[in-house]
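# Working through the structure, step by step
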Amino acid sequence: ISLLGSENGLLGSSAPQPFSSSTSFFRMPLTSLVAVAPAGAHGRLAAMLGDSATLSFLPTSAAAQPVTIQAPEEWADRAYVELPDAEAQVHSTFYPEILRVLKRGAKICIRHRRPNNGKSCVDLLVFAGFVDAVETDTDGVTFETTAAKPNWNQGAAMPLS
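The present account deals with the structure reproduced in this document. (Residues numbered from 1 in each chain as written. Predicted model: local features only at pLDDT ≥ 70, side-chain atom pairs only at ≥ 80, totals over all residues. Heavy atoms only, no water.)

### Observations regarding the packing of aromatic side chains
- This model, assessed by the stated rule, comprises one aromatic pair.
- Between the aromatic rings of Phe94 and Tyr95, the centroid separation amounts to 5.2 Å while the plane-to-plane angle is 65 degrees, which identifies the pairing as edge-to-face. Judged on exposure class, the residue Phe94 and its partner Tyr95 are both buried. (Phe/Tyr/Trp six-rings, centres within 6.5 Å; stacked < 30°, edge-to-face > 60°. Buried < 20%, exposed > 50% of the residue type's maximum accessible area, 1.4 Å probe, protein only.)

Written as structure tokens, this is what we have:
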């Protein structure tokens, strides 16, 4: 089942192959998913999940501004983020907010193009508090970076300032 199409983001002749349900990220049991993707992807995500999971969907533009996901803490089994531009702007509060709504041990998958500055999403996720971050080159143009929310409480034991 294709989640992406040329009309829904990542346009041009170098558009990546569709993200499919055969990927282990979507094969695991799933009851709740936070998705940040182009608006056209909502229908495909909802159809793929059917009645088996609850979908909290935000358009890709939400990543560029302060955002609050309307979900309780530790609610989501997974988060899927599609950043269609190589230089996508991601607000500093975005990844911590994703981390807040993910259950302990839950995974995030970011589908993106390599930025021109060579920065990796792995570093962003580690700095945001995720663990086990791995970046995979899917087709020479598109990358998938996956990571997990730690199974432990995070944060400083006492104020740092």
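From this point, the narrative continues.
### So, the pattern of salt bridges
- Under the definition given, this model contains five salt bridges.
- Across the pair Glu74 and Arg104 runs a salt bridge whose closest N-O atoms are separated by 3.4 Å. Of this pair, Glu74 sits in the loop between strand E2 (54-59) and strand E3 (76-83) while Arg104 sits in strand E4 (residues 102-113), and the two are 30 residues apart along the sequence.
- In this structure, Glu74 and Lys149 form a salt bridge, with 3.7 Å as the shortest nitrogen-oxygen distance. (Salt bridge = Lys/Arg side-chain N within 4 Å of Asp/Glu carboxyl O. Helix = DSSP H or I, 4+ residues; strand = E, 2+ residues; numbered from the N terminus.)

### Quick look at the environment of Ala62
- Residue placement: Ala62 occurs in the loop between E2 and E3.
- Note on Ala62: relative accessible area 6%, which makes it buried.
- Sequence-wise, Ala62 and His91 are 29 residues apart; in three dimensions their C-alpha atoms are separated by 8.8 Å.

Keep in mind these values describe shape, not function.
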